[in-house]
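Structural features, examined
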Amino acid sequence: MINLLDLDKQQMKAMFPDRPYRGSQVFSWVFGKAVPSIGDMTNLSKALREELSKEYTISYPERLKVQVSNDGTEKHAYRLHDGLVIESVLMPEKSHWSLCVSSQAGCAMGCAFCYTATMGFHRNLEVSEIVSQVLHLQRAYPDRQIRNIVFMGMGEPLLNYGNVVKAIGILTDPEGPQFSKRRITVSTCGIVPGLKTLHQDTEAALAVSLNAPTDEVRQRLMPVTKKYPLAVLMDALRSFGLPNRRRVTIEYVLVRGVNDSIRDARELIRILHGLKVKVNLIPFNPWPGCALEAPDPGAVSAFEDVLKDSPYAVMVRKEKGRDILAACGQLAGSTDSGG
Ligand code: SAH
C-alpha cells in the first residue's frame with residue numbers, strides 16, 4: 001500500500017496520466033482538507049475511490065499522548081509504523097500557535113547539550129511522518145491557528161534533505177495547507193551542502209545553531225564542527241543570498257562556563273562580520289544526566305548587552321515547556337509514554 005501522505009502533487013498527477021486534474025483533486029483532499037480516508041473524496045466517483053483504495057491509503061502515525069506544560073506549551077508524541085516514537089511541540093503565542101516539528105527519529109549529530117543526541121540515530125522521517133505532525137494538529141484543534149512551523153524538533157533536517165524539501169513544498173502549496181514560506185524555518189547544526197541550496201529549493205527561512213565563536217569551543221559542543229569548520233560554515237552563510245529584508249537567524253545556546261563569557265560575545269560579533277543575521281540566545285535547558293549547566297541570568301544579560309552594541313538584532317529565546325521536557329534540546333521520544 002502506498003501512503004498518499006508521502007506523495008507530492010507531481011506524483012499524484014502521475015497517478016492519472018490521462019486526467020492530471022484528478023491528481024490535483026486528490027492532493028487537495030489529502031493535504032488541503034486532510035480527510036482521513038479515500039472514501040471521503042466525494043468529488044471522485046465511488047468506483048474510482050474503490051479502485052484507488054486497492055493500491056493507496058491515507059495513514060497517519062498513531063497518536064500516543066499529549067503533555068501540557070504550565071505555560072501552555074504542549075508536547076505531542078506519535079508512534080511510527082515501526083514502533084519508533086517522535087515528538088512535536090505546539091507553543092501558544094499571543095494570537096496564534098507555533099509548531100516545532102521533528103525531521104528524524106533520533107539524531108546522529110551528537111551535540112553535547114542536546115537530549116535527542118542521547119537516543120542516537122534511528123532513521124529519517126518519511127514525508128508523511130513530517131507533514132502529518134502538522135495536519136494532525138490542525139485537524140484535532142480546528143480553532144487554533146498554527147502560523148509558524150519550525151524544524152527544530154528531533155533530528156537534523158538538512159540530513160533528511162529530500163523529504164524536508166518535499167514536505168515544505170506540500171505545506172506551502174496553495175491547494176494544500178497553504179502555509180506562508182516565510183513562516184517556515186529550518187534550523188540546522190551547519191550542514192553546508194544543504195544550507196547552500198535550501199533557499200532556492202524552498203524559500204523557507206534559515207536558522208543556524210552556531211553555539212560557539214571558535215572551532216575549539218564549538219568542537220567540544222558540536223562534533224559536526226570537524227566536518228564543517230566555522231570558516232566553511234560562515235562562507236556558506238555569506239553566499240546564502242536572502243531577499244532584501246530577510247535575515248538568517250543565528251542560534252546560540254548559552255552554557256555556563258563554556259561559551260557564555262563577554263569574550264565569547266565579542267568573538268561572536270567578530271565572526272558574524274558582514275552577515276545579515278539576527279541572534280537568538282537560548283539559555284541551556286538541562287535534562288536528566290547532562291553535566292552541562294544553565295548560565296547565570298547575569299551572564300545571559302551581560303552577553304545580550306554586548307550584542308546589543310553590535311549591528312545585529314539580538315533576543316533571548318523564552319524557554320517554553322521546560323517542566324515537561326519540551327524546551328529546546330529536551331526531546332527524546334520517551335517510549336514509556338503508552339496511552
Ligand atoms: N538539528 C537542528 C534542529 C534541532 S536543535 C539544529 O541543530 O539546529 C534546535 C535548537 O535547539 C538548536 O539551536 C540547538 O542548539 C538548541 N538546543 C539543543 N539542545 C538544547 C538545550 N539543551 N538547551 C537549549 N537549547 C538547545
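First, a word on what this report is: a plain description of the structure on this page. This one's a predicted model, so the numbers in the text were calculated from it and none came from an experiment.

**Brief notes about empty space enclosed by the protein**
Across all of its chains, the model carries two cavities of 30 Å³ or more by this definition. Here the largest cavity is characterised by a volume of approximately 480 Å³. Along the walls of the largest cavity sit 31 residues, with Phe-113, Cys-114, Met-152, Ser-209 and Gly-329 positioned nearest its centre. Secondary structure elements with two or more residues in the lining of the largest cavity: strand S10 (184-188), strand S12 (248-254) and strand S13 (277-283). Residues that form the lining of the largest cavity fall into these classes: 18 nonpolar, ten polar and three charged.

**Observations regarding the packing of aromatic side chains**
Applying the stated rule across the entire model yields three aromatic pairs. Judged by centre distance (5.0 Å) and plane angle (55 degrees), the rings of Phe-27 and Phe-31 are tilted. Of this pair, Phe-27 and Phe-31 both sit in helix H2 (residues 20-32), four residues apart, which is roughly one turn of that helix. On the basis of relative accessibility, which here comes to 1%, the residue Phe-31 falls in the buried class. When the centroid spacing of 5.0 Å and the interplanar angle of 40 degrees are considered together, the rings of Tyr-252 and Phe-303 count as tilted. One end of the pair, Tyr-252, is in strand S12; the other, Phe-303, is in helix H10 (residues 297-308), and 51 residues separate them in sequence. Looking at Phe-303, the relative accessible area reads 1%, which means it is buried. Taking NZ or CZ as reference, Arg-139 lies 4.6 Å from the ring centre of Tyr-60, over its face. Sitting above the plane of the Tyr-141 ring, Arg-144 keeps its charged end 3.8 Å from the centroid.

**Things to note about the site of the ligand**
For the ligand, the set of nearby residues contains 21 residues, the closest of which are Phe-113, Ser-187, Ser-209, Asn-285 and Gly-329. Note that an oxygen atom of the ligand is positioned 3.4 Å from one of the backbone N or O atoms of Cys-189. In this structure, Ser-209 approaches the ligand through a side-chain N or O atom, which is 2.6 Å from an oxygen atom. Out of a free accessible area of 540 Å², the ligand has 96% covered by protein chains. A molecule is said to occupy a pocket when more than half its atoms come within 2 Å of that pocket's grid points, and by this definition the ligand occupies the largest cavity. Those elements that provide at least two residues to the shell around the ligand are S10, S12 and S13. The residue makeup of the shell around the ligand, split by class, is eleven nonpolar, eight polar and two charged.

**Comments concerning the pattern of salt bridges**
Scanning the model with the defined rule gives 18 salt bridges in all. Among the ionic pairs, Arg-238 bridges to Asp-235, the shortest N-O distance being 3.9 Å. With a gap of three residues between them, Arg-238 and Asp-235 both fall in helix H8 (residues 230-238), about one helical turn apart. What makes Asp-235 partly exposed here is its relative accessible area of 48%. Between Glu-319 and Arg-322 there is a salt bridge; the shortest N-O distance is 2.6 Å. Taking relative accessible area as the criterion, Glu-319 reaches 40% and is therefore assigned partly exposed. For Arg-322, a relative accessible area of 32% corresponds to the partly exposed category. Through salt bridges with shared partners, one network takes in Lys-9, Asp-173 and Glu-175.

**Let's talk about the sheet that holds strand S14 (residues 313-316)**
Taken together, ten strands build an open sheet; the order of strands is S3-S4-S5-S6-S9-S10-S11-S12-S13-S14 and the sheet is mixed. The strands lining the two open edges of the sheet, one partner per strand, are strand S3 (62-68) and S14. Shown here is a sheet whose adjacent strand axes are inclined to one another by a mean of 20 degrees, direction ignored. Strands in contact with helix H6 (residues 192-202) are S10 and strand S11 (205-209); relative to S11, the strand with the most contacts, it is inclined by about 160 degrees.

**Here we look at unusual backbone geometry**
Not every positive phi belongs to a glycine, and Gln-178 is a case in point at roughly 60 degrees. If you trace the backbone, Gln-178 turns up in the loop between helix H5 (161-171) and S10. Phi at Asn-211 takes a positive value of approximately 70 degrees, unusual for a residue other than glycine. Within the secondary structure layout, Asn-211 lies in the loop between S11 and helix H7 (215-221). You can call Asn-211 buried: its relative accessible area is 1%.

**Digging into the side chain of Glu-156**
Position of Glu-156 relative to the elements: it lies in the loop between strand S9 (146-151) and H5. Of the side chains with opposite charge, Arg-218 comes closest to the buried, unpaired Glu-156, at an N-O distance of 8.5 Å. Here the side chain of Glu-156 touches Thr-188 through a polar contact of 2.8 Å, side chain to side chain. Ignoring anything within four residues of it in the chain, the contact list for Glu-156 reads Ser-103, Gln-104, Cys-107, Met-109, Ser-187, Thr-188, Cys-189 and Ile-191.

About the cut-offs
Residues numbered from 1 in each chain as written. Predicted model: local features only at pLDDT ≥ 70, side-chain atom pairs only at ≥ 80, totals over all residues. Heavy atoms only, no water. 1 Å grid on protein atoms, 1.4 Å probe; cavity = no way out; pocket = protein on both sides within 12 Å on 5 of 7 lines; lining within 4 Å. Points joined across faces, edges and corners; volume = space filled by probe spheres on them. Helix = DSSP H or I, 4+ residues; strand = E, 2+ residues; numbered from the N terminus. Nonpolar A, V, L, I, M, F, W, Y, C, P; charged D, E, K, R; others polar. Phe/Tyr/Trp six-rings, centres within 6.5 Å; stacked < 30°, edge-to-face > 60°. Buried < 20%, exposed > 50% of the residue type's maximum accessible area, 1.4 Å probe, protein only. Lys NZ or Arg CZ within 6 Å of the ring centre and 35° of its normal. Near = heavy atom within 4 Å. Polar contact = N/O pair within 3.5 Å; in protein donor to acceptor, adjacent residues only side chain to side chain. Areas by Shrake-Rupley, 256 points an atom, 1.4 Å probe, with all protein chains shown as cover. Sits in = over half its atoms within 2 Å of the grid points. Salt bridge = Lys/Arg side-chain N within 4 Å of Asp/Glu carboxyl O. Pairing = 2+ DSSP bridges. Axes fitted to C-alpha atoms, helices over the stretch in contact; angles between N-to-C directions. Contact = heavy atoms within 4.5 Å. Lys, Arg positive; Asp, Glu negative; His and termini not counted.

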